[in-house]
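The chain contents come next:
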Amino acid sequence: MIKIADLHRSFGGQTVLRGVSLSVADKELIAIIGESGGGKSVLLRHLIGLLKPDRGTVQVEGEDITTLTGRKLDRIREKFGVVFQGGALFDSFTVYDNIAFPLKEKTKLPKQEIHERVEEALEDVGLKGMESKYPAEISGGMKKRVALARALITEPKIVLFDEPTTGLDPIMLHAIHKLITDTHRKYGFTGVMISHDIPEIFHVADRIAFLYRGVIELVGTPREIRTSSDPVVRQFIRGSLRGPIEIV
Amino acid sequence: MIEKFLRATGSWAISILRRMGHMFLFLLRSIYYIFVPPFKFRLLLREIRFIGTKSMTVILLMGSFTGMVLALQIFYTLRKVGSEAMLGPAVAISLIRELGPVLSALTITGRAGSALAAEIGIMRISEQIDALTAMALSPIRYLIVPKMVAAVIVFPLLAAIYDVIGIFGGYFVGVKLLGLSAGTYFSQMKHFIVMEDITIGMYKALTFGVLVLWICCYKGFYTGYGAEGVSKATTEAVVMSSVLILVSDYVLGAFFI
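Residues numbered from 1 in each chain as written. Chains lettered and ligands numbered in written order. Predicted model: local features only at pLDDT ≥ 70, side-chain atom pairs only at ≥ 80, totals over all residues. Heavy atoms only, no water.

Visitor: I keep staring at the overall build of chain A and nothing clicks. Help me out?
Guide: The helix and strand inventory of chain A stands at 8 helices and 10 strands. In terms of C-alpha radius of gyration, chain A reaches 18 Å, essentially the compact-globule figure of 18 Å for 248 residues. Each principal axis of the C-alpha atoms in chain A carries an extent, and together these give about 55 × 40 × 30 Å. Burial status across chain A gives 52% buried among its 248 residues. Of all intrachain contacts in chain A linking residues separated by at least 6 positions in sequence, the fraction that spans at least 24 positions is 62%. Taken as two groups, the 35 positive and 33 negative side-chain charges of chain A have centres that lie 3 Å from each other. (Helix = DSSP H or I, 4+ residues; strand = E, 2+ residues; numbered from the N terminus. Rg over C-alpha atoms; globule rule 2.2 N^0.38 Å. Buried < 20%, exposed > 50% of the residue type's maximum accessible area, 1.4 Å probe, protein only. Contact = heavy atoms within 4.5 Å. Lys, Arg positive; Asp, Glu negative; His and termini not counted. Charge placed at Lys NZ, Arg CZ, Asp CG, Glu CD.)

Shown next as structure tokens:
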């Protein structure tokens, strides 16, 4: 479904990605873990063409999106749903309008059908009754759920999650993870998720990729990552202060 | 030494040119989306309300006091040469050709331009613009075009209101306070003001509208990171717009004189 090959990206002389290569299979939910500021969000933004690489390719269903622009790129983007780190909800819209927005703008569905789908999505994320609230009036956890509902409303083939649980309490974190696995099962999308939630992420993702110093250090099933003998991976998943990862 | 100086100057000139080109392309893209459907009429009405209707109070206040001050100062000068009867045309021409369009544009820049730059900037740093792009929707179509079109409609209208209110402000001071006859104030105005004066004023207001919204939207759209970035973008938008209003006013004034 997605194939990243030898992706390089620098910002003003600082190299963030040094040759990332990763394949994501159809309907797979893969989590990318790694240090803060290590380039995970930068990598995710390349998958939808929000950033262009210095070198390398990103193939989505066999088409290299790094060379696409305009309508051709938009055609690929229509396959995606994105849950941004802070939710990226439109603050002048209500919860209902935020979720309905992609359907109103991208489809010609009748009002009644849009209404039904938004209500269903709200029920899926447990936010029934919150339709008329504005993003400023709801909690961080609710915002993430609204963002998830908005990302899924068009039933995209691929969903990108940029740290969907950052800043949430443990209960809400579990609730969001459960929501992601439930919706993944229900809609059958291909998912790429950036996360810091160790060990919780091992119960959510099919595979884990560890990004370290601009390259994918290790990819494997949660079990393979957990039992890895790689000292960098071991230090990261244990959260140890001692090891090859230097704390800046 | 000379080579180093030339290199630094060249690199500075290239970066300025690149930035100008970037700004110009932004304007061209905005103009392109004005003519390509789907058109966002509801968003346009919202922006007309924000830039226009909500600026009315301050425009009325500024306009009336500008006319009043103008009448006071001009009356003082005209009295010295015994031409008090020319107060009406002097106030009206100053307002219609110059002060109406310029001061209304500066007022809207301070009230709405800064708010628009900040709004777009916050949308950028909170990833709302990226969310639109990720949905395969053009942020320019949704955020910039309605504001630009609203400016083209609203700036000339507000300038016209500013002119009228200013003329009545001048009337209040000249006729009610300084004792000039109402007939003299208005009849002289009728003789001296020609359609060309009004057209020039409207051209200026239109130009300022495009300039202000272009600069404010561009600065917000490409804001820096965090609160500091938005604050810097807003300040730059207001300062640059205000300077460009005055510079273009001179250029247009020299062209039409």
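Visitor: Is there a simple way to explain the sheet that holds strand E7 (residues 158-162) of chain A in this structure?
Guide: Strands in a sheet are paired, the pairing made by backbone hydrogen bonds, and the direction either parallel or antiparallel. All names here are of chain A. The sheet built from 6 strands is open, its strands ordered E6-E7-E8-E3-E9-E10 with mixed pairing. Only two strands of the sheet have a single partner each, and these edge strands are strand E6 (80-83) and strand E10 (215-220). Looking at each pair of strands side by side, their axes are set apart by 15° on average, direction ignored. Direction of pairing for E7 relative to strand E8 (residues 190-194): parallel, over a ladder of 5 bridges. Bridge pairing links leucine 160 to valine 192 in E8. (Pairing = 2+ DSSP bridges. Axes fitted to C-alpha atoms, helices over the stretch in contact; angles between N-to-C directions.)

Visitor: Looking at this structure, I do not really get the pairing of E8(A). What am I missing?
Guide: Moving residue by residue along a regular strand, the side chains alternate between the two faces of the sheet. Residue and element names in this part refer to chain A. Counting buried positions over the 5 residues of E8 gives 5, a clear majority of the element. Of the two faces of E8, the one carrying Thr190, Val192 and Ile194 and the one carrying Gly191 and Met193 are both buried. In this fold, E7 hands off to helix H6 (residues 170-187), which returns the chain to E8; that crossover is right-handed. (Right-handed = clockwise from strand over helix to strand, strands pointing away.)

Visitor: Explain the layout of surface pockets here, please?
Guide: Regions of empty space are outlined by a rolling probe, equal in size to a water molecule, passed over the atoms. By volume, the second largest pocket is sized at about 700 Å³. What lines the second largest pocket is a set of 21 residues, and nearest its centre among them are A:Phe93, A:Phe101, A:Glu105, B:Arg42 and B:Leu43. At the level of elements, helix H3 (95-106) of chain A together with helix H2 (41-52), helix H4 (87-125) and helix H6 (139-177) of chain B are the ones that each hand at least two residues to the lining of the second largest pocket. For the lining of the second largest pocket, the leading source of residues is H2(B), giving 5 residues. (1 Å grid on protein atoms, 1.4 Å probe; cavity = no way out; pocket = protein on both sides within 12 Å on 5 of 7 lines; lining within 4 Å. Points joined across faces, edges and corners; volume = space filled by probe spheres on them.)

Visitor: Where do I start with the interface of chain A and chain B in this structure?
Guide: Reports often express the size of an interface as the amount of accessible area lost when the parts come together. Counting residues at the interface gives 22 residues for chain A and 16 residues for chain B. Summed over both sides, the interface of chain A with chain B buries roughly 1500 Å², with 59% coming from carbon and sulfur. If you look at where chain A meets chain B, you find 3 salt bridges. With its nearest N and O atoms 3.2 Å apart, the salt bridge here joins A:Arg45 to B:Glu127. (Buried area = accessible area lost by both parts, 1.4 Å probe. Salt bridge = Lys/Arg side-chain N within 4 Å of Asp/Glu carboxyl O.)

Visitor: Please explain H4(B) as it appears in this structure.
Guide: A turn of α-helix holds 3.6 residues, and therefore any two residues three or four places apart point the same way. At B:Leu95, H4(B) shows its largest kink, close to 55°. Positive phi appears at B:Glu127, one or two residues downstream of H4(B), with a value of about 65°. (Bend = angle between axes of the 7 residues up to and from the residue.)

Visitor: Looking at this model, I keep getting lost on the side chain of B:Glu47. Mind explaining?
Guide: Tracing the backbone shows B:Glu47 in helix H2. Residue classification places B:Glu47 among the buried residues on the basis of a relative accessible area of 4%.

Visitor: Where do I start with the domain arrangement of chain A in this structure?
Guide: Residue and element names in this part refer to chain A. Looking at chain A, the domain boundaries give domain 1 (1-79 + 158-248) and domain 2 (90-155). Using only C-alpha atoms to locate each centre, domain 1 and domain 2 end up separated by 25 Å. For the pair domain 1 and domain 2, the summed buried surface comes to about 1100 Å²; carbon and sulfur atoms form 70% of the total. Linking domain 1 with domain 2 are 3 salt bridges. Between glutamate 120 and lysine 186 there is a salt bridge, and its shortest N-O distance comes to 3.2 Å. Where domain 1 meets domain 2, there are 6 residue pairs in polar contact (both at pLDDT 80 or more). Broken down by secondary-structure element, the contributors of at least two residues to the side of domain 1 that touches domain 2 are E7 and H6. Counting residues per element, the side of domain 1 that touches domain 2 draws most heavily on H6, which supplies 7 residues. (Domains from an automatic or database assignment. Polar contact = N/O pair within 3.5 Å; in protein donor to acceptor, adjacent residues only side chain to side chain.)

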